[in-house]
Amino acid sequence: MTEEKIVVGAGTEFPLNGILTLPDTAEQPLPAVVLVHGSGPQTMDEKIGKVTPFKDIAQALAEKGIATLRYDKRTKIYGRKMMKNAADITVKTETIDDTILATELLRGDSRIGKIFILGHSMGGMLAPRIDAEGGNYDGIIIAAGSPRELREILMDQFADALEGYKGLIKLIASKQIASIIPKLVEIDSLTDEEAKKKKVLGGSRAYYFKEFEAYPTSPYLDALDKPLFVFQGSEDFQVNPHKDFEGYKRLLEGKPNATLKLYPGLNHVFTTQHATRSMKDYKVPEKVAPEVTNDIADWIWSV
């Protein structure tokens, strides 16, 4: 394979370094995938602990004749600068705008044919919206996403985290969480201007959640008739497969364009579960399971 350095958003206020991974021997035009990060500041490899899921996916797909484009997330490179205008940070400025710019780069490359989006976690939640707002992909891949509201997912994560704590640490954490939950609950009652001023979690403003949830997943999925692949690991402790994967199944029931798959024994980043609902999983250097990348490639070539 060949890896070319590219810049997403060159000439804009927030240029981002990226890598276009191309298979060496495949016939052109090549199918290509834009990789969209989960929540928080992320590198182009989506590195967490000792695992690099986006790098793994890019290299595995190259072996199958498929190109990928991955790039650093805006909040990873420009987080401090963006926080100077924290009230204006939304998933559109954090993720959607850059994904569409990355897609336009691929569309301008004569070596590329069909273009797909693969969103992981929050990126998966946003993928149908990105498609509707200008991505216009040939197919959509949602990896460990959720059709629920972001606030509901956070509350589940808070509850799960408390179960893993003991003694004084649990007491301190429970008080911190107790102070956050009312702020999340009251978001619906705030005007946009009030929400832009209200701090909720760290430096995040209530408007971040309010804007995100103004674009729920279900209407996008209802209107979608292009190919869709939704998958998750059965041992995902960050996004709940019993609520989220099953939620997608209910929403997509009877839709012939949708393929859904749950992978036994895999976690949120599609490596093997080693710990019990713990970030310790990510301390084990391991690549994304080959059955996952094989299925992604097979699905792309079937479209």
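This report concerns the structure included in the present document. Everything quoted here is computed from the prediction, not taken from an experiment.

## Regarding the packing of aromatic side chains
Ring pairs (aromatic) are described by centroid distance and by the angle formed between their planes. Tallied over the full model, the rule gives eight aromatic pairs. Taken together, a centroid distance of 5.2 Å and an interplanar angle of 70° make the contact between phenylalanine 14 and tyrosine 78 edge-to-face. Taken together, the residues phenylalanine 14 in the loop between strand S1 (2–8) and strand S2 (16–22) and tyrosine 78 in helix H2 (residues 74–83) connect sequence positions 64 residues apart. You'll find phenylalanine 14 and tyrosine 78 in the same group, each marked buried. When the centroid spacing of 5.8 Å and the interplanar angle of 70° are considered together, the rings of phenylalanine 116 and tryptophan 299 count as edge-to-face. With phenylalanine 116 in strand S5 (residues 112–120) and tryptophan 299 in helix H11 (residues 290–302), this pair connects stretches of sequence that are 183 residues apart. By relative accessible area, which is 9% here, tryptophan 299 ends up buried. Positioned above the aromatic ring of phenylalanine 14 is the side chain of lysine 81, whose terminal nitrogen or guanidinium carbon lies 5.1 Å from the ring centre. One Lys or Arg, arginine 129, reaches over the ring of tyrosine 215 and ends 3.7 Å from the middle of that ring.

## Things to note about the layout of surface pockets
Take a probe with the size of a water molecule and roll it over the atoms, and the empty space left behind shows itself. Approximately 1200 Å³ is the volume attributed to the largest pocket. For the largest pocket, the lining is made up of 41 residues, of which Ser39, Leu154, Gln157, Gln238 and Met279 are closest to its centre. Listed by contribution, the elements that provide at least two residues to the lining of the largest pocket are H2, helix H4 (122–135), helix H5 (150–163), strand S8 (204–205) and helix H8 (206–213). Here the element with the most residues in the lining of the largest pocket is H5; it accounts for seven residues. Residues that form the lining of the largest pocket fall into these classes: 19 nonpolar, 16 polar and six charged.

Basis of the calculations
Residues numbered from 1 in each chain as written. Predicted model: local features only at pLDDT ≥ 70, side-chain atom pairs only at ≥ 80, totals over all residues. Heavy atoms only, no water. Phe/Tyr/Trp six-rings, centres within 6.5 Å; stacked < 30°, edge-to-face > 60°. Helix = DSSP H or I, 4+ residues; strand = E, 2+ residues; numbered from the N terminus. Buried < 20%, exposed > 50% of the residue type's maximum accessible area, 1.4 Å probe, protein only. Lys NZ or Arg CZ within 6 Å of the ring centre and 35° of its normal. 1 Å grid on protein atoms, 1.4 Å probe; cavity = no way out; pocket = protein on both sides within 12 Å on 5 of 7 lines; lining within 4 Å. Points joined across faces, edges and corners; volume = space filled by probe spheres on them. Nonpolar A, V, L, I, M, F, W, Y, C, P; charged D, E, K, R; others polar.

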